[in-house]
Amino acid sequence: MPLQKKSPCKVNLLLNILSKRPDGFHELETVMQPVNFCDELSFERGGNGIQLLCSDKTLPTDSRNLVFRAAENFLAAAKISDSVKIHLEKKIPLAAGLGGGSGNAATTLLALNELFGQPLSLAKLHELAAALGSDIPFFLYSKPALATGRGEKVESLENFPALRDKVFLLIHPGFGISTPWAYQNLARFPAALNGQKSRAQKLISLLRTADLKMAAREFYNSLEAPALEKFLILGLFQEFLRANGALAALMSGSGSTTFAICETVSSAESLLEKFKSKFGSNCWTAVVPV
Ligand code: C5P
């Protein structure tokens, strides 16, 4: 029987860039929230080397794919020469700011560690995850988190009372935004590039109260500066969502997904209906309880 795993996505309630580092990455503080909308992966021993099959035929299945690289690095670190077959059923949109690929890589590390009898510690998996990508360690823990450094330093947090029983509405506009593009273009927005460190702690304190409206005033994403300038539609989405009852609306990660937070599934669904009558039905959308 293959080992089946769900691979969730995330939104950034805050993504505050603090500075550009000499190594080209950006120092940041981000408050990340897991979202229970998932890709599905299955893992089994056997085959020849690492065999990756993917439902989305536009994705490479060799070492250009983070899942493949995660498997390769795991097997090397654990000194395992066996073969593995991996199947990836893709549901999360690509280049969406939802961390789909990062989550897939973290899920692969956790699943292979389980499949081979836990040869590596969580600390070692974290090290492998950080080497693969800045967002990947977050997905090892399945909890809300404050992430710092380039995103790889993760402090897990208890579920936020302000989000209890709330519902995410995710809207992907049908085009992706490249993460390197978003970071490079921050250079033209000095205020967004050099954020004040302290926003994250303030937001976390507010999320620990049950008042989402207050907390939502502190939602912020530095990468909106370049993204909303180039893609005007994303700013229009946010205005419309807020004006029609969303408790909050923000771009996630480097985009292009906009997320809104609603009180209930039915209010999220009726907001989505209004959204579709305004903007048409071409966007990818999902309503996901927290
Ligand atoms: O770490 P990851 O591979 O996900 O990063 C993708 C790209 O995003 C990097 O090559 C870099 O251009 C940018 N990035 C950054 N600062 C970060 C995270 C990512 O500049 N903290």
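Please refer to the structure placed before this passage.
K.L.:
Explain the overall build of the protein here, please?
P.N.:
The number of helices and strands found in the protein is ten helices and eleven strands. Taking 290 residues into account, the globule formula puts the C-alpha radius of gyration at 19 Å, and the protein, at 19 Å, falls close to it. Principal axes of the C-alpha set define a box for the protein whose edges measure 55 × 40 × 35 Å. The burial tally for the protein puts 52% of its 290 residues in the buried class. In the protein, once contacts between residues fewer than 6 apart in sequence are set aside, the share between residues at least 24 apart is 74%. In the form shown here, the protein has an accessible surface area of approximately 12,900 Å², with 51% of it arising from carbon and sulfur atoms. Positive and negative side-chain charges of the protein, numbering 31 and 26 respectively, have mean locations separated by a distance of 2 Å.

K.L.:
Is there a simple way to think about the site of the ligand in this case?
P.N.:
Near the ligand you find G24, F25, H26, L28, G133, S134, R150, T179, P180 and Y183, and these make up its full shell. Within the side chain of S134, an N or O atom sits 2.6 Å from an oxygen atom of the ligand. Contact between the ligand and R150: a nitrogen atom at 2.9 Å from a main-chain N or O atom of the residue. Isolated, the ligand exposes 450 Å² of accessible area, and the fraction of that covered by the protein chains is 72%.

K.L.:
Teacher, can you tell me more about the sheet that holds strand β7 (residues 167-172) here?
P.N.:
The pairing of strands in a sheet comes from backbone hydrogen bonds and takes either a parallel or an antiparallel form. Taken in spatial order, the four strands make up an open sheet running β9-β10-β7-β11, and their pairing is antiparallel. Single-partner strands in this sheet number two, and they are β9 (248-251) and β11 (284-289). Strand-to-strand twist in this sheet, taken as the mean axis angle between neighbours without regard to direction, amounts to 20 degrees. Sheet topology note: the β7/strand β10 (residues 258-262) ladder contains five bridges and is antiparallel. From the neighbouring strand, L169 faces β10, where its bridge partner is A260.

K.L.:
It is not clear to me how the side chain of E218 should be interpreted in this structure. Could you clarify?
P.N.:
In this fold, E218 is placed in the loop between α7 (212-216) and β8 (220-221). One polar contact links E218 to K202, side chain to side chain, over a distance of 3.4 Å. Excluding residues that lie within four positions of it along the chain, E218 makes contacts with L14, K202, L203 and L206.

K.L.:
How do you make sense of the packing of helix α9 (residues 232-243) against helix α10 (residues 265-279) when you look at a structure like this?
P.N.:
The axes of two packed helices give the description: the angle between them and the distance between them. Relative orientation of the contacting elements α9 and α10 amounts to 135 degrees, with a least axis distance of 11 Å. As far as their axial angle goes, α10 and α9 are oblique. As for the relative orientation of α9 and α10, their crossing is right-handed in sense. Contacts between α9 and α10 pair I233, L236, F237, F240 and L241 from the former with L271, K274, F275, K278 and F279 from the latter.

K.L.:
What is the right way to read the nonpolar core from this model?
P.N.:
Here is a general trend for soluble globular proteins: nonpolar side chains tend to be buried in one another's company. Counting 35 residues, the largest nonpolar core has F74, I86 and L109 as the members making the most contacts within it. Taken together, the elements giving at least two residues each to this core come down to β2 (26-45), β3 (50-54), α1 (66-77), β4 (84-89), α2 (100-115), α3 (122-132) and β5 (145-148). For this core, the leading source of residues is α1, giving six residues. Discounting chain neighbours no more than four positions away, the residues touching F74 are I80, L109, L112, N113, F116, P119, L120, L125 and L128.

K.L.:
Honestly, α9 in this entry has me stumped. Any pointers?
P.N.:
Owing to its 3.6 residues per turn, the α-helix aligns residues three or four sequence positions apart on the same side. Helix length check: α9, at twelve residues, gives a terminal C-alpha distance of 17 Å against a target of 16 Å (1.5 Å per residue), a fit within 8%. Structurally, α9 contributes buried residues whose contacts are with β7, α8 (224-230), β9, β10 and α10. G245 occupies a position one or two residues after α9 and carries a positive phi of about 110 degrees.

K.L.:
How should the pattern of salt bridges be read in this particular structure?
P.N.:
Side chains carrying opposite charge are able to pair once their charged atoms draw close together. With the rule as written, the count across this model stands at 14 salt bridges. E114 is the partner of K5 in a salt bridge, and the nearest nitrogen-oxygen pair spans 2.8 Å. On the criterion of sequence distance, the pair formed by K5 in strand β1 (residues 3-20) and E114 in helix α2 is long-range, its members being 109 residues apart. R45 serves as the salt-bridge partner of D82, at 3.5 Å between the closest nitrogen and oxygen. Of this pair, D82 sits in the loop between α1 and β4 while R45 sits in strand β2, and the two are 37 residues apart along the sequence. Residue classification places D82 among the partly exposed residues on the basis of a relative accessible area of 37%. A single network of salt bridges, built from pairs that share partners, joins K6, E40 and K91.

K.L.:
Sorry, what's going on with α1 here?
P.N.:
Compared with the 16 Å implied by 1.5 Å per residue over twelve residues, the 16 Å span of α1 between its first and last C-alpha is a close match. For α1, every residue scored as buried is listed here: V67, F68, A70, A71, F74 and L75. Along the axis of α1, the buried residues cluster in a sector spanning 160 degrees; they form a single face. On the buried face of α1, the contacting elements are β2, β3, β4, α2 and α3. One side-chain oxygen at the N-terminal end of α1 lies 2.8 Å from the backbone nitrogen of V67; it belongs to N65.

K.L.:
For this particular structure, what's the right way to read the state of the cysteines?
P.N.:
Simply put, disulfide is the name for a covalent bond between the sulfur atoms of two cysteines. This model, assessed by the stated rule, comprises zero disulfides. Left unpaired, C54 is separated from the closest cysteine sulfur, that of C38, by 16 Å. Lacking any disulfide linkage, C262 is separated from the closest cysteine sulfur, that of C283, by 15 Å. For C262, a relative accessible area of 2% translates into the label buried.

What counts, and where the lines are drawn
Residues numbered from 1 in each chain as written. Predicted model: local features only at pLDDT ≥ 70, side-chain atom pairs only at ≥ 80, totals over all residues. Heavy atoms only, no water. Helix = DSSP H or I, 4+ residues; strand = E, 2+ residues; numbered from the N terminus. Rg over C-alpha atoms; globule rule 2.2 N^0.38 Å. Buried < 20%, exposed > 50% of the residue type's maximum accessible area, 1.4 Å probe, protein only. Contact = heavy atoms within 4.5 Å. Areas by Shrake-Rupley, 256 points an atom, 1.4 Å probe, with all protein chains shown as cover. Lys, Arg positive; Asp, Glu negative; His and termini not counted. Charge placed at Lys NZ, Arg CZ, Asp CG, Glu CD. Near = heavy atom within 4 Å. Polar contact = N/O pair within 3.5 Å; in protein donor to acceptor, adjacent residues only side chain to side chain. Pairing = 2+ DSSP bridges. Axes fitted to C-alpha atoms, helices over the stretch in contact; angles between N-to-C directions. Parallel < 35°, antiparallel > 145°, perpendicular 65-115°, else oblique. Left-handed = near helix turned anticlockwise from the far one by under 90°. Core = buried A, V, L, I, M, F, W, Y, C linked by side-chain atoms within 4.5 Å. Expected span 1.5 Å × (residues − 1). Salt bridge = Lys/Arg side-chain N within 4 Å of Asp/Glu carboxyl O. Arc of directions from axis to C-beta. Disulfide = S-S within 2.5 Å.

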